[in-house]
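# Remarks on the overall topology
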Amino acid sequence: MAHPLFLKKSNCKNCYKCVRHCPVQSIRFSGNLAHVIADECVLCGQCYVVCPQDAQKILSEVEKVEMLLEGDRPVYLSVDPSFVAYYDGTGIETMSETAKELGFVSAEETAPFGVVVKREYEDVIKDERMSVVISSCCPSVNLMIQKHYPDLIGNLSNAMSPVQIHCADIRKREPEAKIVYVGPCIARKDEANRHGSTVDAVLTYEEFDELLIAHSLEIHKGTDECKQSKERLFAAAGGIIRCMDKKSAGYAYLTVDGPDKCIDALEDIANGEMEQCFIEMWACSGGCVGGPTIEKLHNNPVRNYKAVSRYAGDEHFDIEQPELGEITRSFEIMKGMMPMPNERKIREIMANMGKTRPADELNCGMCGYDTCREKAIAVYQNKAVIEICQPLLAKKSEDFSDILFDNAPNGLIVLNERLEVQEINPAACKIMNIRRPQDVFGAQIVTLLEPKPFMDVLQTKKSTFQCSYLAEYDKYVEQTILYDNKYHMLICLLDDVSDEARERNKKAQIMQQTTAIADQMVEKQMRIVQEIASLLGETTAETKIALTKLKDTMED
């Protein structure tokens, strides 16, 4: 049996909103995706309503209904009384006209069969068969009790829902009929699957809209009046009690709506804190007019309640009461709660989550669980993983960043757009002879470094790199300035290259000295050569004169 809810994986963004809103914590995260745990889910539809990415989807039965309409058997449409809240300005007569255009034999209300149900509630109270009586009209409440409070099944009325009684009545009149129910409820799909002989297909209002669009039709407008229609109030919280006439003086009559309030009430009953009372219980806030598809697509509680209240008459529907065996059912215990860890295991898991002291338990709810203890239980039950703890991840990330920031060999300075120092690491403090980082927090960068490069980066939003000598600190640095567009911050990286610069200067001086010595040697050699050349020149001249004289003498 397919679960009525499924996940559209491409839409899930791992926001945990569905976990935070699931009243019975029936969502498990695996592979950064939210998966509904079918055995625990009560189909209240909260995950479908609150998902901002529309990742939780309702299993559509539109194609199934199309096939039924194309078949040879007559198809009837059973309409939930909340339809007047969803389809404004519509009555059952105009609804039936639209249904006939789609191929249905007709559309009929389930509301008249609320008379049968309320009479059964009255008889149970009159006969004092149960001290605490819980209404059984809401299938989500029924699932909540069957899965999570099985000890309270005895307090759950065994009367069928008006939907089931209506469908049984149609089959009695038309044995070959196929029946489609339309309403705001997801849990009705599960109810139909478990009682397949009563309903053949269940459509939400959203699915019915798809059917209308596929056939290019719109709901006809026009309301009808009927004094004998008080049970239409079953669509709103408190409607069942308003319809009950035979109220026993020995019983208290309470209306509880909303999943969290239902759980609180069930806890009180389980603890023996309630007795001699009738509880009209609805999983949806406001009753069926606050059902998942109405809440998500037409969420206007006041207007919705007024629409139902206006459409309901002052007198009861005139319906013959069937035999008791025809309108009762049994509720079986269903697999729901997973095994609970012992205290030692819980503390062990919490220690792995970094929760070793009460002060560590922030109970922030960001992981989807109200307390760190509940999160530890979910980890034990394989619903969650330890890593999904935002404070833990933030602390790890912060500690890791602090380690890198404090131990980085390069200086780091973070400035805001006013060029005020926001962060400075120990390496930068060492470069600029700053005793403590706190001494310069909020100070203008001009008090530490030349501001012009920072002003240029702020204006152009482009990174710069330069080598400079910080005369005040007698340091040579390579300075890189970056601009962060996301956080609008400037980041300055300082690499102290003083030792390398001094080594280069020393080498340069040695080279300069070597060059000077070489120049001196060359100059001296040149001078010697010149002197030798001069002496050779004089000697040659004297020799020439002497030989000339000798020549002349010989000639004479």
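Counting starts from 1 at the beginning of each chain's written sequence and moves along it residue by residue. Restriction of local features to residues with pLDDT of at least 70 applies here, the model being predicted, together with a cutoff of 80 or more for giving and counting side-chain atom pairs; totals for whole chains, interfaces and linings are based on all residues. Calculated side-chain values reflect all of the structure's heavy atoms, with hydrogen atoms and water omitted.

Turning next to the overall build of the protein. Counting from the N terminus, the helices are DSSP H or I runs at least four residues long and the strands are E runs at least two residues long. A tally of regular secondary structure across the protein gives 20 helices and 16 strands. As a reference, a globule follows 2.2 Å times the number of residues to the power 0.38, and the radius of gyration itself is taken over C-alpha atoms. Relative to its length of 556 residues, the protein is extended, with a C-alpha radius of gyration of 44 Å against a globular reference of 24 Å. Each of the three principal axes of the protein carries a C-alpha extent, and together these read 175 × 55 × 40 Å. We call a residue buried when its accessible area falls under 20% of the maximum for its residue type, exposed when it is over 50%, and partly exposed in between, using a 1.4 Å probe and counting protein chains only. Within the protein, the fraction of its 556 residues that count as buried is 47%. Contact between two residues is taken to exist if any of their heavy atoms lie within 4.5 Å; hydrogens are not considered. In the protein, of all internal contacts separated by at least 6 residues, the share reaching a separation of at least 24 is 68%.

When cut into domains, the protein gives domain 1 (59-324), domain 2 (341-393) and domain 3 (397-497). Domain borders in the structure are assigned automatically or taken from a domain database. The gap between the C-alpha centroids of domain 1 and domain 3 is 67 Å.

So, on to the packing of aromatic side chains. The geometry of an aromatic ring pair is captured by the separation of the ring centres together with the interplanar angle, meaning the angle of the planes. Pairing of aromatic rings covers Phe, Tyr and the six-membered ring of Trp, with a centre-to-centre limit of 6.5 Å; geometry is then stacked below 30 degrees between planes, edge-to-face above 60, and tilted otherwise. If you walk through the whole model with that rule in mind, you get 8 aromatic pairs. Consider the rings of phenylalanine 83 and tyrosine 311, whose centres lie 6.0 Å apart with planes at 85 degrees: the pair is edge-to-face. Residue phenylalanine 83 is located in helix H4 (residues 83-86), and its partner tyrosine 311 is located in helix H14 (residues 301-311); the two are separated by 228 residues in the primary sequence. Relative accessible area serves as the criterion here: at 0%, phenylalanine 83 is assigned to the buried category. Note on tyrosine 311: relative accessible area 8%, which makes it buried. Over the aromatic face of tyrosine 311 sits the side chain of arginine 232, whose NZ or CZ is 3.7 Å from the ring centroid. To sit over a ring, a charge needs its Lys NZ or Arg CZ within 6 Å of the ring centre and within 35 degrees of the ring normal. Lysine 461 extends its terminal NZ or CZ atom over the ring of tyrosine 483, reaching a point 5.1 Å from the ring centre.

On to the side chain of serine 140, then. One can find serine 140 in helix H7 (residues 139-148). Not counting residues within four places of it along the chain, the set of residues in contact with serine 140 comprises Val42, Leu43, Cys44, Ala187 and Ala283.

Quick look at the nonpolar core now. Across soluble globular proteins, nonpolar side chains show a tendency to be buried alongside one another. By size, the foremost hydrophobic cluster in this structure holds 79 residues, and its most contacted members are Ile134 and Leu266. Excluding residues that lie within four positions of it along the chain, leucine 266 makes contacts with Ile134, Met144, Ile145, Tyr149, Leu152 and Met281. The nonpolar core is taken to be a set of buried Ala, Val, Leu, Ile, Met, Phe, Trp, Tyr and Cys residues, with the residues joined through side-chain atoms within 4.5 Å. Ranked by size, the runner-up nonpolar core spans 33 residues in total, among them Val62, Val79, Leu203 and Leu212.

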